[in-house]
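# Results of the structural survey
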Amino acid sequence: MHRPKAQTAALMASPEDIEQQFYEALQHGELDRLMDIWADEDEVSCVHPGGPRVVGLVAIRAAFETVFQQGPIAVTPERVRRLHTGDTAIHQVLERVQVEGADGVQSAWVIATNVYLKTSQGWRMVLHHASPGTGHDIQEVVQEPTILH
C-alpha cells in the first residue's frame, strides 16, 4: 500500500513533533492543521484556561474556531516536562502567551498538560488541559531525593 508522503511522515512523528505542530497551529491560527493532530476518538477533550471541559472533535473544533476569531495565539511552550511510557506521552508545559494590553505587550502564563497516544495514525493528542498561571509559575518546585543510592 502506498501512502502519501505527508501521511507517512505523520505516522513516524513523535509526541514532541505533534506538540510542535500544535503550538505552531496556535501561533498561526490554522484551525485545520490544529485539528489534524487530534486523535479520532470520541473521548478527546480540551480545557481552555478558566473554561469548561470540551469533549469530542466537533466541540473542540468549535471552541478553537471561537478562540481564533480573535486571531492567532502568540504562545510559546516553555519548561516542558515529559513522561513517556509505552503508547502514552504526558507533557506538562508552562506556556508564555503574549497579550496586547494598555501598557503594550505583556506576558501571561498558562500551565498546560498535553496527553498523546500512539494510534494507528501515529501519535495524536487526546487531551489539552490549560489552566491560568502566574509569574510565580515560572519557578518550579522540585524536591530532590535526600538519600543517594
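Everything below is about the structure shown above.
Presented here is an overview of the structure given in this document. (Residues numbered from 1 in each chain as written. Predicted model: local features only at pLDDT ≥ 70, side-chain atom pairs only at ≥ 80, totals over all residues. Heavy atoms only, no water.)

A few words on the packing of aromatic side chains. To describe a pair of aromatic rings, one takes the distance between the centres and the angle between the planes. Considering all chains together, one arrives at 3 aromatic pairs under this definition. When the ring of F64 is compared with that of F68, the centres are 6.2 Å apart and the planes differ by 40 degrees; the resulting orientation is tilted. One end of the pair is F64 and the other is F68, both in helix α4 (residues 57–68) and 4 residues apart, which spans about a single turn. Among the residues examined, F64 registers a relative accessible area of 3% and is labelled buried. Connected via pairs of aromatic rings, a cluster forms that spans F22, Y23, F64 and F68. (Phe/Tyr/Trp six-rings, centres within 6.5 Å; stacked < 30°, edge-to-face > 60°. Helix = DSSP H or I, 4+ residues; strand = E, 2+ residues; numbered from the N terminus. Buried < 20%, exposed > 50% of the residue type's maximum accessible area, 1.4 Å probe, protein only.)

If you check the backbone angles, R79 has positive phi at about 45 degrees while not being a glycine. According to the relative accessible area criterion, R79 is partly exposed, its value standing at 43%.

The next point concerns the side chain of N114. Locating N114 in the fold gives a position in strand β5 (residues 104–119). At 2.5 Å, the side chain of N114 and the side chain of H128 are in polar contact. Aside from chain neighbours lying at most four places away, what touches N114 is E19, Y23, A89, I90, H91, V93, M125, L127 and H128. (Polar contact = N/O pair within 3.5 Å; in protein donor to acceptor, adjacent residues only side chain to side chain. Contact = heavy atoms within 4.5 Å.)

A separate point is the pattern of salt bridges. Applying the stated criterion across every chain yields a total of 5 salt bridges. We note a salt bridge from D32 to R61, for which the minimum N-O separation is 2.6 Å. Within this pair, whereas D32 is found in helix α3 (residues 31–36), its partner R61 is found in helix α4, the two being separated by 29 residues in sequence. Connected through shared salt-bridge partners, E24, E30 and R33 make up one network. (Salt bridge = Lys/Arg side-chain N within 4 Å of Asp/Glu carboxyl O.)

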